[in-house]
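Understanding the architecture of this molecule
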Protein chains: 2
Amino acid sequence: MERDGHIGLPVNYGLLVFPTFQALDAFGPLDILNLLSRDFPMNLSIIAQTLEPVSTKHRNPSLNPLKSNFGESIVPTHDFTNAPPLDVLIIPGGYGLRANDLDSLYDFVKRTYPSLKYLITVCTGSWVAARAGILDGRRATSNKNSWARTKEVRPNVNWVAHARWVVDGNIWSSSGVSAGMDATIAFVEKVYGKEQAKKIAREMEYERHEDPSWDPFADIYNLPNLN
Amino acid sequence: MERDGHIGLPVNYGLLVFPTFQALDAFGPLDILNLLSRDFPMNLSIIAQTLEPVSTKHRNPSLNPLKSNFGESIVPTHDFTNAPPLDVLIIPGGYGLRANDLDSLYDFVKRTYPSLKYLITVCTGSWVAARAGILDGRRATSNKNSWARTKEVRPNVNWVAHARWVVDGNIWSSSGVSAGMDATIAFVEKVYGKEQAKKIAREMEYERHEDPSWDPFADIYNLPNLN
């Protein structure tokens, strides 16, 4: 039914970026959607605090002990004041979320969420949603390497330790980095249909994990089976 | 031995970009290397024909039939005239490689290759290496969706149809899109050691394919077992 034409399908996507975002958290989901945008009319806004290019490089020198000069910059199309109405917002994670000057980021998510059809968070991108207050009382996940910190970010979220991704209402949260790809393909399957998801995974030559409870990484980090 | 300090390890990496590159071809490998650059001193140059941001959006309107406005732009740090000496060059693929105005790209690869320690191509990035003439008589692979076209690009390459990735001398070529991640982690394992590869895959929560001959996509496209 959803696939009878494009009526009711999400059109306007946004990616939120901040200094020291994790590249694959953003570009894994985005490249799935890049392919999808050949078959469905879609627009992407890349939203940051300013229109200056946003780099994956570490802001905090202690996280770059060998003084590598290694990173990539993406160009925003909008800032927090002029972003267009969105149907879907994607929030990547990254070390940059350990900074304490991100209030405008949380404010943007807080005021944008009510008009979204869907919110997708990848890795510690769920910290942003949590700090914006929109995960309170909801189930969500995050990456497994930083689990202890995740629980401190917002204890009143029902953090799910064992999950590749979690869906609660219209919020899709994925586990660490590459998990964002599995969550996004699952999202495509749910919203655009099973054939579309299969087609994209095939085009990307990607063997997706289809089971949201698949999570060997939770075991590697000895996380409890309960939340 | 290679891991006794950093002596002899590659330091200066380059990513080659062109309009309508495939985002994950670039950012899958790059994010692996982003993580590696915390443990090893590494520099990245992003190299394009000009210093203008380079977009994944389709140049060719026939490839964007629904007029989506969906894509991401990366900021080059160098152009073909001022790129620094490189140890490793990474070439992503993408629909942009069907354009016929890319001679300066091929020239750059042709004159850069002799001083590289390693060349890594992802997806149809191997077309660039092939057109630069440096794959003649070598084994290489490419994505499986465009296999017929790949063989026409340069028949005097020993194109390997069934492969997640192929190593011939110092040239690593991977199959389509997500295969670049497996090839790059295998490259990290070979050059920086097994523990480093494991650590990065764990940090990315990525279940890597470790067998270079794993290739269910070649079967999907009914490619012959022989080249």
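Per an unreviewed UniProt entry, chain A goes by Class I glutamine amidotransferase-like protein and derives from Lentinula detonsa.

Our focus in this paragraph is the pairing of strand 10 (residues 165-168) of chain B. Pairing of strand 10 of chain B with strand 11 (residues 171-174) of chain B involves 4 bridges; the strand directions are antiparallel. By the bridge assignment, valine 167 of chain B is partnered in strand 11 of chain B with tryptophan 172 of chain B.

Quick look at the pairing of strand 11 of chain B now. Residues and elements named next belong to chain B. A two-sided burial pattern is seen for strand 11, the buried positions comprising Ile171 and Ser173 on one face and Trp172 and Ser174 on the other. When strand 7 (residues 118-121) meets strand 11, the two strands line up parallel, connected through 3 bridges. If you follow leucine 119 over to strand 11, its bridge partner there is isoleucine 171.

This next bit is on the sheet that holds strand 7 of chain B. Residue and element names in this part refer to chain B. Across the sheet, which stays open at both edges, the 7 strands sit in the order 5-2-1-6-7-11-10 with mixed pairing between neighbours. Here the strands that pair on one side only, and so sit at the sheet edges, are strand 5 (78-79) and strand 10. Note that strand 6 (residues 88-91) and strand 7 share 4 bridges and pair parallel. Bridge pairing links valine 88 to tyrosine 118 in strand 7. Here helix 1 (residues 23-36) sits on the sheet in contact with strand 1 (12-16), strand 2 (43-48) and strand 6, set at roughly 160 degrees to strand 1.

After a rotation of 180 degrees and a shift along the axis of 0.0 Å, chain B superposes on chain A with an RMSD of 0.0 Å. When the rotation and shift are considered jointly, the pair of chain copies conforms to a two-fold rotation axis. It is isoleucine 74 of chain B whose C-alpha, among those of chain B, lies nearest the rotation axis, at 2.4 Å. The fraction of interface residues of chain B whose copies in chain A are also interface residues reaches 100%, indicating that both copies meet through the same surface.

Under the UniProt annotation, "domain: DJ-1/PfpI" (unreviewed entry) lies at residues 16-189 of chain A. Annotated as residues 16-189 of chain A, this span is 28% helix and 19% strand, and its ends, taken at the C-alpha atoms, are 23 Å apart.

Attention shifts here to the pattern of salt bridges. Residue and element names in this part refer to chain A. Under the criterion given, the structure shown has 20 salt bridges over all chains. Of the charged contacts, one joins glutamate 210 and arginine 208 as a salt bridge, the two residues approaching to 3.9 Å between their closest N and O atoms. Put simply, Glu189, Lys194, Arg208 and Glu210 are held in one network by salt bridges that share partners.

So, on to the sheet that holds strand 7 (residues 118-121) of chain A. All names here are of chain A. The sheet built from 7 strands is open, its strands ordered 5-2-1-6-7-11-10 with mixed pairing. The two strands at the open ends of the sheet, each matched to only one other strand, are strand 5 (78-79) and strand 10 (165-168). Across the sheet, helix 1 (residues 23-36) lies against strand 1 (12-16), strand 2 (43-48) and strand 6 (88-91), angled at about 160 degrees from strand 1, the strand it touches most.

Turning our attention to the packing of aromatic side chains. Under the criterion given, the structure shown has 15 aromatic pairs over all chains. Ring plane angle 0 degrees and centroid distance 3.5 Å describe the contact between phenylalanine 27 of chain A and phenylalanine 27 of chain B, whose orientation is recorded as stacked. Remark: phenylalanine 27 of chain B occurs in helix 1 and phenylalanine 27 of chain A occurs in helix 1; the pair is interchain, linking two chains. Phenylalanine 27 of chain A gets classed as buried once you look at its relative accessible area, which sits at 3%.

Bringing the interface of chain B and chain A into the picture now. Size of an interface: often given as the accessible area lost when the parts come together. Contacts between the two partners involve 58 residues from chain B and, on the opposite side, 58 residues from chain A. Buried surface at the junction of chain B and chain A, summed over both partners, amounts to about 4700 Å²; 56% is from carbon and sulfur atoms. It is Arg38, Phe70 and Glu205 of chain B that lose the most area in chain B upon contact with chain A, and together they represent 19% of the buried surface on that side. At the junction of chain B with chain A, the criterion picks out 0 salt bridges. Summed over the shared surface of chain B and chain A, the number is 40 residue pairs in polar contact (both at pLDDT 80 or more). Of all the secondary structure elements, the ones that give two or more residues to the side of chain B that touches chain A are helix 1, strand 2, strand 4 (73-74), helix 6 (194-203) and helix 7 (216-220) of chain B. Top element by residues in the side of chain B that touches chain A is helix 1 of chain B. It accounts for 9 residues. Here the side of chain B that touches chain A is built from residues that sort into 29 nonpolar, 19 polar and 10 charged.

When the pLDDT values of chain A are averaged, the result is 94; 96% of them are 70 or greater. Among the prediction metrics, the complex's ipTM stands at 0.95, with pTM recorded as 0.95.

If you check which residues of helix 6 of chain B are buried, you get Gln196, Ala197, Ile200, Ala201 and Glu203 of chain B. Buried residues of helix 6 of chain B fall within an arc of 165 degrees about the axis and therefore sit on the same side. For helix 6 of chain B, the secondary structure elements touched by its buried residues are helix 7 (216-220) of chain A together with helix 1 and helix 5 (179-192) of chain B. A positive backbone phi angle near 50 degrees is found at glutamate 205 of chain B, which sits one or two residues after helix 6 of chain B.

Looking now at the side chain of glutamate 72 of chain B. Mapped onto the secondary structure, glutamate 72 of chain B falls in the loop between strand 3 (54-55) and strand 4. Of note is the side chain of glutamate 72 of chain B, whose polar atom sits 2.9 Å from the side chain of asparagine 34 of chain A. Once you skip the residues sitting within four places of it in the chain, glutamate 72 of chain B turns out to touch Phe27, Leu30, Asn34, Leu44, Ile46 and Ile74 of chain A together with Ala23, Val54, Ser55 and Thr56 of chain B.

Definitions and cut-offs
Residues numbered from 1 in each chain as written. Chains lettered and ligands numbered in written order. Predicted model: local features only at pLDDT ≥ 70, side-chain atom pairs only at ≥ 80, totals over all residues. Heavy atoms only, no water. Pairing = 2+ DSSP bridges. Helix = DSSP H or I, 4+ residues; strand = E, 2+ residues; numbered from the N terminus. Buried < 20%, exposed > 50% of the residue type's maximum accessible area, 1.4 Å probe, protein only. Contact = heavy atoms within 4.5 Å. Axes fitted to C-alpha atoms, helices over the stretch in contact; angles between N-to-C directions. Least-squares fit on C-alpha atoms with pLDDT ≥ 70 in both. UniProt positions renumbered as here; feature names shortened; annotations may be inferred. Salt bridge = Lys/Arg side-chain N within 4 Å of Asp/Glu carboxyl O. Phe/Tyr/Trp six-rings, centres within 6.5 Å; stacked < 30°, edge-to-face > 60°. Buried area = accessible area lost by both parts, 1.4 Å probe. Polar contact = N/O pair within 3.5 Å; in protein donor to acceptor, adjacent residues only side chain to side chain. Nonpolar A, V, L, I, M, F, W, Y, C, P; charged D, E, K, R; others polar. pLDDT = per-residue confidence, 0-100. Arc of directions from axis to C-beta.

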